[in-house]
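# Structural overview for review
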Amino acid sequence: MSLTQYNLSELSQKIKSQAVTAREVVSDYLKKSTADFTSKKSLGVYLTLASEQALSRADEIDEKIASGEEAGELAGVPIAVKDIIVTRGITTTAGSKILKNYVPPYSATVVEKLENAGAIVIGKTNCDEFAMGASGENSGFFPTHNPWDVLRVPGGSSSGSAAAVAAGFAPIALGTDTGGSIRQPAAFCGVVGLKPTYGRVSRFGIMAMTSSLDQVGPFTHTVADAALLLKIIAGFDEKDATSVKSVVPDYPSLLNKDIKKIKIGVPKEFFGEGLSADVKKVVEEAIDKLAELGAEIIPVSLPSMPYALAAYYILCPAEVSTNLARFDGLKYGESLREADLLSTLAKTRGELFGREVKRRIMLGTFVLSAGYYDAYYKSALAARQAIKNDFNRVFKEVDILATPTTPTTAFELGSKNQDPLAMYLADVYTVPVNIAGLPAISVPCGLSDGLPVGLQLIGNMWQEEKILKVAYNYEQATEWIKLTPEIKS
Ligand code: GLN
C-alpha cells in the first residue's frame, strides 16, 4: 500500500514508531512525483525535484531514529516548497525565467526551522512568476493543472504547492500569501491553507513581492497539521525586522476545545454581487453547521471592503516596482548582454520577465511617480487605514469572521489570463485580510459540481488559535477532508 495517502500526523507517527523508514516514505512520494513530473500529461506541480538530497537526508533521519536520538517533530516527513522560498543547493526560480539557473547559497528561515524539526524538502513547486497571479498560469515555465479537473486552474500564486498536497505528491507544502495565494489555491484544490498574521513568520529568504503584505504559511490535509506547522515556523527572527517578538502559542494543544458561545461575524459585503450562487449555498451551509456546534452567528458589516481590491492593486505594484528593480541583468539572475548598460537592462527585463510582472512594474512606477503619488498611492494608503479600522471595530463585537474564500470554484485554464481585471477579482475575499495584516484559514467545506469550495475564517491579529480551533471543530464534525480527487493520468 502506498504511503502517499497519509497526512502529516499519521506519517510522522509511523516513522517515529519505526513502522516505516523515512527513506520508504520519501521514496514513495518521489516515485509518484517523478512519474507525474516526467509524464506528457503532467499536472505541472513541480519545477525541481530534489531526489538525491531528499534521500540522503532521509537516511540521516533514519540513522538518528535507529540510534534513539531525538529526530524532531517532523522527522522524515516530506515537504514541497513554493519556488519563491530559497533553499540552499536547490534551484530556486520564483517561477521566473530571470532566475532559471539560480541556486541559493542559503535557506529561508522557515526552511531551516522545518529541517531542524526533521522535515525533508522533496521539491520546489511551480508558482505564478514572483507570486503574481491567481491561477498558476503566470509561471514563466508551464501552468499547473487542478488535480480535481485537469482542464481547470489550481488557483495561484502557490499553484504547485496546493496541487501537490491535493494530488498526494507531498503530505504538506509551504506557500506564500500576499493577497490570497495560500487560501485561494487551497480552496480550489480542496485542502487546508493558512495565512498567519503579518509578522508572525519570518520572511527571511522569501523573495519579496509586496514586502508589507507577504507571509508564508502551510498547505495541509488537516487543520491539526496546519497548527503543528505554524507552531514550527512561527516566531521572531533577527534576520527579518518585520517579524514580531511575541510568544508563539502551542497551537496543536489548543484545538480540542468546543466552540460554544464563540461569536462568529458574517460580513454582508462578502455575500453580495459576484458570489456564485452555488458557492454561496455551500458556505451558508457551513456557517449553519458552526451554529449547530454552538457558535453564535452575528451579521456584521465592513463598509470599506469594496475599496480593498483597488487599494491592493496600487499598493502591490508599487512595492513590486521597487522590489524587482534588483533583477537588472547585473546584480542578480540571468543577463542578456548587449553593447551598453541600458540595452542590457532593457533586453534582460524585457525578455525574461513575463507580461504580468512587467504590467505591475509599469503600474507601480506610475502610481509612485511625482505627479500621481497623491492621487493613487496616498489614496490607497488611506483606504488601507479605513479597512484596518473596519476590522478593528468589528473584532470588538465578534471573535472571528466567516466568509467564502473565493467567489467561484476553480475556473477553466485560459478563461481569465487575457483579462487581468477578471483575474484580479478571484482574490476579492482574500485581499482585505492581507491589507489589515490578519490571520485567516481556508478549509474545505463541500463541493459544487464536483469542485471543492473553501470556507474562510478570519481572526484578529495574533489570534491564529481562534480560527484554528473553529476550523478544527468544523472539520471534525464534517466529512469533507475525506474527499480527494481521482487523478486520471
Ligand atoms: N492573486 C493576487 C495577485 O496576483 C495575490 C497573489 C499572492 O497572494 N501572492 O497579486
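Residues numbered from 1 in each chain as written. Predicted model: local features only at pLDDT ≥ 70, side-chain atom pairs only at ≥ 80, totals over all residues. Heavy atoms only, no water.

Moving on: the overall build of the protein. Summing up its helical and strand segments, the protein has 15 helices and 11 strands in all. What you see for the protein is a C-alpha radius of gyration of 21 Å, in line with the 23 Å of a compact globule of 489 residues. With the principal axes as the frame, the protein shows a C-alpha extent of 65 × 60 × 45 Å. Scored against the burial criterion, the 489 residues of the protein give a buried share of 59%. Long-range contacts, defined here as pairs at least 24 residues apart, represent 76% of the contacts in the protein between residues at least 6 apart. (Helix = DSSP H or I, 4+ residues; strand = E, 2+ residues; numbered from the N terminus. Rg over C-alpha atoms; globule rule 2.2 N^0.38 Å. Buried < 20%, exposed > 50% of the residue type's maximum accessible area, 1.4 Å probe, protein only. Contact = heavy atoms within 4.5 Å.)

Among the 5 residues of strand β9 (residues 400-404), 5 are classified as buried, and the element is accordingly described as predominantly covered. With 2 bridges joining them, strand β7 (residues 263-267) and β9 adopt parallel strand pairing. Bridge pairing in β9 places I264 opposite I400. Pairing between β9 and strand β11 (residues 451-459): 5 bridges, direction antiparallel. Looking across to β11, one finds that P404 is bridged to L455. (Pairing = 2+ DSSP bridges.)

Near the ligand you find 15 residues, and of these G179, S181, Y312, R360 and D427 are the closest. A distance of 2.7 Å is found between an oxygen atom of the ligand and a backbone nitrogen or oxygen belonging to T178. In the model, an oxygen atom of the ligand is placed 2.7 Å from a nitrogen or oxygen of the R360 side chain. Its free accessible area being 290 Å², the ligand has 99% of it covered by the protein chains. Residue composition of the shell around the ligand, grouped by class: 6 nonpolar, 6 polar and 3 charged. (Near = heavy atom within 4 Å. Polar contact = N/O pair within 3.5 Å; in protein donor to acceptor, adjacent residues only side chain to side chain. Areas by Shrake-Rupley, 256 points an atom, 1.4 Å probe, with all protein chains shown as cover. Nonpolar A, V, L, I, M, F, W, Y, C, P; charged D, E, K, R; others polar.)

Position of S33 relative to the elements: it lies in helix α2 (residues 22-37). Residues within four places of S33 in sequence aside, it is in contact with Y46, L49 and F169.

All chains considered together, the criterion is met by 20 salt bridges. In this structure, R23 and D59 form a salt bridge, with 2.8 Å as the shortest nitrogen-oxygen distance. Of this pair, R23 sits in helix α2 while D59 sits in helix α3 (residues 51-66), placing them 36 residues apart in sequence. Here K100 makes a salt bridge to E334, at a shortest N to O gap of 3.8 Å. Highlighted residues: K100 in the loop between β2 (78-82) and α4 (109-116) and E334 in the loop between α9 (308-323) and α10 (341-352), separated in sequence by 234 residues. Owing to a relative accessible area of 41%, K100 belongs among the partly exposed residues under this scheme. Because the salt bridges share partners, they merge into one network encompassing E73, K231 and D250. (Salt bridge = Lys/Arg side-chain N within 4 Å of Asp/Glu carboxyl O.)

This part covers a nonpolar patch on the surface. Residues F366, Y372 and Y376 make up a contiguous nonpolar surface patch of roughly 280 Å² in combined accessible area. You can see Y372 is positioned in the loop between α11 (355-367) and α12 (374-394). (Patch = residues over 30% accessible without salt bridge, like charges linked within 9 Å, V, L, I, M, F, W, Y side chains within 5 Å.)

Attention shifts here to the nonpolar core. The tendency in soluble globular proteins is for nonpolar side chains to be buried as a group. If you look at the biggest cluster of nonpolar residues, it comprises 148 residues, and the most contacted ones within it are I85, V110, F130, L455 and L457. What V110 contacts, discounting residues up to four positions off in sequence, is I85, L174, V201, S202, I206, V216 and I233. Membership of the second largest hydrophobic core comes to 7 residues, among which are F188, F411, M423 and A426. (Core = buried A, V, L, I, M, F, W, Y, C linked by side-chain atoms within 4.5 Å.)

Take α10 next. Between its first and last C-alpha, α10 extends 16 Å over 12 residues, near the 16 Å set by a 1.5 Å rise per residue. Among the residues of α10, T344, T348, R349 and L352 are the ones counted as buried. Buried residues of α10, seen end-on, are gathered within an arc of 110° and therefore sit on one face of the element. The exposed set on the far side of α10, more than 90 degrees from its buried face, consists of L342 and A346. (Expected span 1.5 Å × (residues − 1). Arc of directions from axis to C-beta.)

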